Amino acid sequence: MRSASRLLTLLTLTLLATACRDEQAGPKPRAKALPPPAQARVLDAAPVDLTYRGGATFGGGAVRYLGTRVSPPVAAPGQPVKLEHYFQAVREVPRGWQFFVHVVDAASGQMMVNADHDFAGGSAPLGTWPVGKVVEDVHTVPMPPSPARVLLGFWKGDERLAVDEPQAHGGDNRMMGPQLGGGPPSLPEYTARRAAKAPVIDGELDDAVWKDAAPVVLRGSFDGREPSLRTEARLAYDDQHLYVAFDVEDPDVWGTLRERDARIYEQEVVEIFLDANADGRTYNELQVSPHNVNFDAYFPARRQGMDLSWDSGMKTAVKVRGTLDNPEDRDEGWRVEIRIPFERLAEVPSRPPKKGERWRFNLYRLEHVGRQQVEGQSFSPLFVGDFHALPRFGWLVFE
């Protein structure tokens, strides 16, 4: 079993998911339960001070979830949170069902803590509860680094005990429980200015448009912290194109992949994701490596139907300040310029974008520190290990 602080460290260092990498990759920590009681608590009623009140039922009305008491009500990341769940057997239910508790990111729904355990420490499995009475389960979970939702229920083999009320679950028979940590962090905005003159795409970043564009420094994608190496980005546009520039601090600039649409997201790369109509479904992913290798893909839905045949028509240039692929010397970094035609992007509301038009987007950098430890950076921190966390995309506003 891992302590809360150990879990938070592992979560922070987990490799961040990109185009084809499974966002659930990495350790699946289980919560550390309290010592099992000598006998499960059987009550006449649930406590009056429940933090979250339920009321929905499982199994055709056989089991009612009454709610959960959360303490402390607000916790810092990594702090142990005590969860006291209360259920009632309305009538006899079959035996053999086991208890599950999933703590998922409040914004994206990604699993953050798998807290499955034996109900009441194994002393009161489903099917042994006295009809009409209330039974209690107590355990602790570490507070994730971002707001989270508790989902719970019962499972047997590949089946989950059905949740009766459609509004009480997301179609997966995981009953909605309390939220931990309050509302999600606010989303940042970037205002792109109209370019009076298009930049020359040469990787130099010395054009007037970049001097006029507001710089933004990327933060740690998982927790919003200041990263170990600086990445500065700028955006601008004109009637035909969106322009993106990255200025990357990097003491060792490298890459082994040379073919278009290769898995450059497994090495060092800068990226932009664009959800032009802000529907949270259709989006484009564009990447550039230090060797100026391009990757572009269209997604009709989050992580579904990745289309590599889609061609963004982007033009890119990279300027390396140092020596590529030489770990023996110390480089300064690399700069990237990207020109993206509006006409190639998915679901663009208007071409050119109208003044005040708002798209959803995110900027990313993946840095392999010492070619071993992976550090993810983003414009809008995700608080989960998934670059495709669409609800955490920021806003791109056209001036």
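The structure reproduced in this document is the subject of the present report. What you are looking at is a predicted structure, and each value in this text was computed from that prediction instead of being measured.

**Focus on the packing of aromatic side chains**
Within this structure, the stated rule accounts for 22 aromatic pairs. Their ring planes at 40° and their centres at 5.9 Å tell us that Phe 87 and Trp 129 sit as a pair that is tilted. With Phe 87 in strand S5 (residues 80-89) and Trp 129 in the loop between strand S7 (111-114) and strand S8 (134-142), this pair connects stretches of sequence that are 42 residues apart. Each of the two residues, Phe 87 as well as Trp 129, counts as buried. Between Phe 87 and Phe 154, the aromatic rings sit 5.5 Å apart at their centres with planes inclined by 70°, giving edge-to-face as the arrangement. With a gap of 67 residues between them, Phe 87 in strand S5 and Phe 154 in strand S9 (residues 148-156) connect regions that are remote in the sequence.

**Thoughts on the pattern of salt bridges**
Enumeration over the complete set of coordinates arrives at 24 salt bridges. Put simply, Arg 193 and Asp 212 hold a salt bridge, and the shortest N to O gap is 3.4 Å. Of this pair, Arg 193 sits in strand S12 (residues 189-194) while Asp 212 sits in helix H2 (residues 208-212); the two residues are 19 residues apart in sequence, bridging distant segments of the chain. Residue classification places Asp 212 among the partly exposed residues on the basis of a relative accessible area of 42%.

**So, unusual backbone geometry**
Excluding glycine, most residues fall at negative phi; most peptide bonds, likewise, are trans. Here the bond from Ser 71 into Pro 72 is cis, since omega is -5°, no more than 30 degrees from zero. Within the fold, Pro 72 resides in the loop between strand S4 (63-71) and S5. In this structure, Pro 352 follows Arg 351 across a cis peptide bond, with omega equal to -5°. Topologically, Pro 352 is positioned in the loop between strand S21 (333-341) and strand S22 (358-369). Here Asn 292, not a glycine, exhibits a phi torsion of approximately 60°, which is positive. Summarising the element assignment, Asn 292 is placed in the loop between strand S18 (283-288) and strand S19 (294-299). Overall, the relative accessible area of 30% leaves Asn 292 in the partly exposed class.

**Some details on the environment of Glu 285**
The residue Glu 285 is located in strand S18 in this model. With a relative accessible area of 0%, Glu 285 lands in the buried category. Distance from Glu 285 to Phe 295, taken between C-alpha atoms, is 7.9 Å for residues 10 residues apart in sequence. A polar atom in the side chain of Glu 285 sits 2.4 Å from the side chain of Gln 287.

What counts as what
- Residues numbered from 1 in each chain as written.
- Predicted model: local features only at pLDDT ≥ 70, side-chain atom pairs only at ≥ 80, totals over all residues.
- Heavy atoms only, no water.
- Phe/Tyr/Trp six-rings, centres within 6.5 Å; stacked < 30°, edge-to-face > 60°.
- Helix = DSSP H or I, 4+ residues; strand = E, 2+ residues; numbered from the N terminus.
- Buried < 20%, exposed > 50% of the residue type's maximum accessible area, 1.4 Å probe, protein only.
- Salt bridge = Lys/Arg side-chain N within 4 Å of Asp/Glu carboxyl O.
- Polar contact = N/O pair within 3.5 Å; in protein donor to acceptor, adjacent residues only side chain to side chain.

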